[in-house]
Amino acid sequence: MNKDNKNKKSILLIEDDIPLLEAVQIKLEKNNFKVISARSVERAFSSGIEDLDSGSITVSSIEKALKFLSDLEGIDAIWLDHNLVGKENGIDFVNKFKANGGRWSKVPIFVVSNTSSLDLRKSYAQLGVDHYFVKAEHRLDNIISEIKETLAV
Amino acid sequence: MKINIKIILPIIALLCIILAAFGYLLFYLKYEEQIIDNQTEKFQQLNLMSSELTKEQETIEYNVLVYRFNLDKNVLSAIDQSDINIAQITDKIYPYINSETGRKLVSNYIEARKNIENVRGDLLKAIASKKEDDLNQKYAIWSAQTQAIRQTIIDLDNYNLTVFNLILNSFNSIYNKLFQVILILIVIVVVSIFVLFYYLKYTISNPIIKLSIFSDEIANKNFTNISEHINPENLNNTDEIDRLFQDFLTMSQKLKTAYDELEQNVKERTQALTIRTFELEESQKATMNILEDLNMERKSLMETKALDEAVLASIGEGLAVVDKFGAITYINDAFELITGWKRDEVLGKILVDILPSQAEDGTPIPNENRFISRILSGENPENDFVNTVYYLKKDGTRFPIQSLVKRITLNGELIGAVKTFTDATKIKDIDQAKTEFVSLAAHQLRTPLSAIGWYSEMLLSGDAGELNELQKKYLQQIYDGNARMVNMVKSFLNVSRIELGTMTLDLELVDLRKLVDDVAEEQEQKIEQKKINLSLNYQRDLPAIVIDPKRIRMVIENLLSNAIKYTEERGKVEITISSGQENKNILFKISDTGFGIPENAKPKIFGKLFRAENAVEKATEGTGLGLYIVKSIINESMGQIWFESLENKGTTFFVSLPIDPNNS
């Protein structure tokens, strides 16, 4: 399992809708990803890491999250929903994430959003986020295969 | 002017007679004048001489008296001188005395003179001798002799009076002669006038009276009398009156012919007139009937007009009627209310000047591009369902409008247009709220749709264990239904974006062929399912084009999926891409052999939520938003889209896009 874990790419999954979060998580794990999930930006940074089930970890506090992330020697990718629980949204997450000393600036972010607005796409693009999917219009298969392609798995 | 000899001759004769009479009178007068002159001179001379003789006689008598009283011998020489004077006077008298009586009188005088000279000599001697008795005797004798002398002189004077009477007689005879001549002349003139009058009467007046009678006859249409009274052979061609008769005869004959013809004509015309009058009466009756009908028609027209005007005035939409030049001929109350213009201010003005138009972003719409201008210039512009148009009120504020323009034609000729419009501010606000709501709702829908989609995807891919065929089939239905729903949401959102004006273009240099290939590949499954024969024809050296690939992709997706959807199985769909004129445009053409667009649906085909009846019948799936979105995107991209379609034959959509919208 450790060996598996070491070979596995880890993805931070941030999605507010529980059924969707579960579906994505299952699908990602089926595709051999280690998934760390959160439903809000706050939680993504602050809630520490809790075991959801065998392969999943929830971040509970930012220190812990960052520690965890650093322990993992960085995560490989982030699956980010735009609309999240709480006041902050995906853009806020990217801002905070990228602000952290540029340490994770190279981690690819995949935005999977309900919103197909061009303005939003542009906002993400300005922050260096190139992967943008409109949620209902893409099969999980397609998104995951693009992640794999990007990570060259 | 030619003068009739018949008139001239008698006048000349009369003038000759008068001249002769005057000539005679003049001769006579000259003769009498000489006589009178002679007699007058004689009378004067005799008169003078007799008075001189008297004077000399008195002088002598005086001097004799003087000598008697003072015996002055000088007086005697004066008496001698008087004697000499008397002798001279007596000598002069003779030539003037040519009658016997006269001469006798003169010789009596001379005799008496001789006697008295002797007597006077004796007297003078007596005076000188101073013998008183002798002297008185002698003086008495001398006085008697003196008396005798004086008597002879008086006789001479009396004789002279007879001479004067002779002169008077001459004058009398002249007066008599003059009176006679004048009397004769008067008689001659009167007689001549009578003669001339009767002469003229017979030569001129009578024929004229005759002519007048004949003309009366002609006037009474009696032509036979004339030819009975005038024999043309007796007429002299040189005589004016005769010629007049000749002419009159000819004229009367011609007149007779003309009159006969006229009478015939009048008969015919009268007959025709009677018929015509009858016809006229008939048509008058008919006209009266028509007029009555017209009046009734007019009344009902007035009623209709009043009704129309009341209707037009009462409708809530602004309404303007313009003539073919776009000048306002009518506006209703709502027009005044909405725009702030009063009827008097705008009548006759050009509508597009009164209501300037703007696009959403405030750019003015040129008058010639205005819908109504295009209608009036004979174009048949399509309704623009996409862009909101604003009008400026009188006070310069703007308001969004919804409007409709209808042409007015008379006998197929365009004579004007009617424009109705509403202030769409509220509608637009409601629309905006609705659009925002749809946008929000659609976003919210995406989450559950994603859940359905992804979970069914996972089930189908065996993530939860193998499914049997039936389960797979049903699940596939769920998955497909969900996919359709997702598409619908996508369309709704696109429409919302269009209507909220948040659809922006992200222009890139794109190879359109690649885009079409991608879309075709995406829809391969559907194409294969319906066994559609899809052919793609690209111009080889097609230039790249500056477009928003995502939007244009949407256009191609829509057009291709429509072509597939509305074409029977095994039908044909053909896409052709070529560059247009001067390499400024690219023309995308997609034609199918499908159901076609019915005529009545053609004008509305780009409208929102519109689906043609046959489309609804043949394919239940569809939102009626596709072509609306397509049209909006093409408009936004500064391109054009149009189509040709025949029902049950097929449809061809043409899309023309500028190669570089920034340079076109």
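What you see is a predicted model, and the numbers here were worked out from it, not measured in a lab.

With respect to the overall build of chain B
The secondary structure content of chain B amounts to 17 helices and 13 strands. Within chain B, the proportion of its 664 residues that are buried is 36%. Of all intrachain contacts in chain B linking residues separated by at least 6 positions in sequence, the fraction that spans at least 24 positions is 65%. Just so you have it, chain B exposes about 39,900 Å², and 57% of that area is on carbon and sulfur atoms.

A word on the overall build of chain A
Counting secondary structure elements, chain A contains seven helices and seven strands. Within chain A, buried positions represent 48% of all 153 residues. In chain A, the proportion of contacts linking residues at least 24 apart, taken out of those at least 6 apart, comes to 55%. With the model as given, the accessible surface of chain A reaches about 7,200 Å², and the carbon-plus-sulfur share is 45%.

With respect to the pattern of salt bridges
Opposite charge on two side chains permits pairing when their charged atoms draw close. Within this structure, the stated rule accounts for 26 salt bridges over all chains. B:E522 is paired through a salt bridge with B:R553; the nearest N and O atoms lie 2.4 Å apart. One end of the pair, B:E522, is in helix α13 (residues 512–522); the other, B:R553, is in helix α15 (residues 549–565), with 31 residues separating them in the sequence. Note on B:R553: relative accessible area 21%, which makes it partly exposed. With its nearest N and O atoms 3.9 Å apart, the salt bridge here joins B:R551 to B:D548. Residue classification places B:R551 among the buried residues on the basis of a relative accessible area of 6%. B:D548 gets classed as buried once you look at its relative accessible area, which sits at 2%. Taken together, the shared-partner salt bridges in this structure form one network comprising A:K27, A:R139, A:D141 and B:D463.

Focus: the sheet that holds strand β10 (residues 572–579) of chain B
Residues and elements named next belong to chain B. The five strands are arranged β8-β10-β11-β13-β12 in an open sheet whose pairing can be described as mixed. Only two strands of the sheet have a single neighbouring strand rather than two, namely β8 (533–538) and β12 (640–646). Averaged over neighbouring strand pairs, the angle between their axes works out to 10° when direction is ignored. The pairing of β12 with strand β13 (residues 650–658) spans seven bridges and is classified as antiparallel.

Some words on the packing of helix α12 (residues 469–500) of chain B against helix α17 (residues 626–636) of chain B
For any two helices packed against each other, one specifies the crossing angle of their axes together with the interaxial distance. All names here are of chain B. Running from amino to carboxyl end, α12 crosses α17 at an angle of 40°, the nearest separation of the two axes being 10 Å. Viewed along their axes, α12 and α17 adopt a mutual orientation that is oblique. Crossing angle aside, the handedness with which α12 passes α17 is left-handed. Across from S491, N494, V495, I498 and E499 in α12, the residues of α17 making contact are Y628, I629 and S632. A class-by-class count of the residues in the contact of α12 with α17 yields four nonpolar, three polar and one charged.

Observations regarding the sheet that holds strand β5 (residues 398–410) of chain B
Neighbouring strands of a sheet are bound in pairs by backbone hydrogen bonds; such pairs are parallel or else antiparallel. Residue and element names in this part refer to chain B. Read from one edge of the open sheet, six strands run β2-β1-β6-β5-β4-β3, paired in antiparallel fashion. The open sheet terminates on both sides in strands that have one partner only, identified here as β2 (328–331) and β3 (357–359). Ignoring strand direction, the axes of neighbouring strands in this sheet form an average angle of 40°. Of the strand pairs in this sheet, β3 and strand β4 (residues 389–392) are connected by three bridges, and their pairing is antiparallel.

Regarding the confidence of the model for chain A
Scored by pLDDT, chain A has a mean of 75; 68% of the residues are at 70 or more. Least confident of the elements in chain A is strand β3 (residues 50–51) of chain A, whose mean pLDDT is 42; most confident is helix α7 (residues 140–151) of chain A, at 92.

A look at the packing of aromatic side chains
Residues and elements named next belong to chain B. Taken as a whole and judged by the stated rule, the model has 12 aromatic pairs over all chains. Measuring from ring centre to ring centre gives 5.3 Å for F197 and Y198, while their planes differ by 85°; the resulting arrangement is edge-to-face. Given a relative accessible area of 41%, Y198 falls into the partly exposed group. When the ring of F606 is compared with that of F643, the centres are 5.9 Å apart and the planes differ by 65°; the resulting orientation is edge-to-face. With F606 in the loop between β11 (585–592) and α16 (613–618) and F643 in strand β12, this residue pair connects regions lying 37 residues apart in the sequence. Its relative accessible area of 18% is what places F643 among the buried residues. Sitting above the plane of the Y390 ring, R398 keeps its charged end 3.6 Å from the centroid. Over the aromatic face of F606 sits the side chain of K631, whose NZ or CZ is 5.3 Å from the ring centroid.

Brief notes about the interface of chain B and chain A
Contact residues are listed per partner, giving 21 residues for chain B and 28 residues for chain A. Of all residues in chain B, B:R446, B:W454 and B:E457 bury the most surface against chain A, accounting for 30% of the area lost on that side. One can count three salt bridges joining chain B with chain A. With its nearest N and O atoms 2.9 Å apart, the salt bridge here joins A:E137 to B:R446. Taken together, the connections running from chain B to chain A amount to 13 residue pairs in polar contact (both at pLDDT 80 or more). Elements supplying a minimum of two residues to the side of chain B that touches chain A: α11 (425–460), α12 and α15 of chain B. Looking at the side of chain B that touches chain A, the element that brings in the most residues is α11(B), giving 10 residues. Residue classes in the side of chain B that touches chain A are distributed as seven nonpolar, five polar and nine charged.

Structural notes on a negative patch on the surface
Residues and elements named next belong to chain B. On the surface, a cluster of negative charge is contributed by D517, E521, E524 and E528. Every element with two or more residues in the negative patch is listed here: α13 and α14 (524–529). The residue E521 is located in helix α13 in this model. Classification of E521 as exposed rests on a relative accessible area of 54%.

Section: the environment of B:I427
Residues and elements named next belong to chain B. Structurally, the position occupied by I427 is in helix α11. I427 gets classed as partly exposed once you look at its relative accessible area, which sits at 37%. Between the C-alpha atoms of I427 and I401, which are 26 residues apart in sequence, the distance is 9.2 Å.

Quick word on the pairing of β10(B)
Residue and element names in this part refer to chain B. Here β10 shows a buried face lined by V573, I575, I577 and S579 and an unburied face lined by K572, E574, T576 and S578. Bridge count between β8 and β10: six bridges; the pairing is parallel. Directly across from N533, in β10, lies its bridge partner K572. Two successive antiparallel strands, β10 and β11, enclose a turn made up of five residues, where E582 displays a positive phi of approximately 55°.

A short note on the nonpolar core
One recurring pattern in soluble globular proteins: nonpolar side chains tend to sit buried together. Residue and element names in this part refer to chain B. Residues L512, L559, F588, I590 and F653 are the most contacted members of the largest nonpolar core, which totals 50 residues. Sort the elements by how many residues they give to this core and α15 lands first, with eight residues. Excluding residues that lie within four positions of it along the chain, F588 makes contacts with V516, I556, L559, I575, T576, I577, F653, F654 and V655. Within the second largest apolar cluster, 36 residues are counted, among which are I79, I86, L123 and I127.

Re helix α2 (residues 18–30) of chain A
Residue and element names in this part refer to chain A. Look at α2: 18 Å from first C-alpha to last across 13 residues, which is about the 18 Å you get at 1.5 Å a residue. By the burial criterion, the buried members of α2 are L20, L21, A23, V24, Q25, K27 and L28. Looking at the residues trailing α2, positive phi occurs at N32, about 70°.

Scoring rules and cut-offs
- Residues numbered from 1 in each chain as written.
- Chains lettered and ligands numbered in written order.
- Predicted model: local features only at pLDDT ≥ 70, side-chain atom pairs only at ≥ 80, totals over all residues.
- Heavy atoms only, no water.
- Helix = DSSP H or I, 4+ residues; strand = E, 2+ residues; numbered from the N terminus.
- Buried < 20%, exposed > 50% of the residue type's maximum accessible area, 1.4 Å probe, protein only.
- Contact = heavy atoms within 4.5 Å.
- Areas by Shrake-Rupley, 256 points an atom, 1.4 Å probe, with all protein chains shown as cover.
- Salt bridge = Lys/Arg side-chain N within 4 Å of Asp/Glu carboxyl O.
- Pairing = 2+ DSSP bridges.
- Axes fitted to C-alpha atoms, helices over the stretch in contact; angles between N-to-C directions.
- Parallel < 35°, antiparallel > 145°, perpendicular 65-115°, else oblique.
- Left-handed = near helix turned anticlockwise from the far one by under 90°.
- Nonpolar A, V, L, I, M, F, W, Y, C, P; charged D, E, K, R; others polar.
- pLDDT = per-residue confidence, 0-100.
- Phe/Tyr/Trp six-rings, centres within 6.5 Å; stacked < 30°, edge-to-face > 60°.
- Lys NZ or Arg CZ within 6 Å of the ring centre and 35° of its normal.
- Buried area = accessible area lost by both parts, 1.4 Å probe.
- Polar contact = N/O pair within 3.5 Å; in protein donor to acceptor, adjacent residues only side chain to side chain.
- Patch = residues over 30% accessible without salt bridge, like charges linked within 9 Å, V, L, I, M, F, W, Y side chains within 5 Å.
- Lys, Arg positive; Asp, Glu negative; His and termini not counted.
- Charge placed at Lys NZ, Arg CZ, Asp CG, Glu CD.
- Core = buried A, V, L, I, M, F, W, Y, C linked by side-chain atoms within 4.5 Å.
- Expected span 1.5 Å × (residues − 1).

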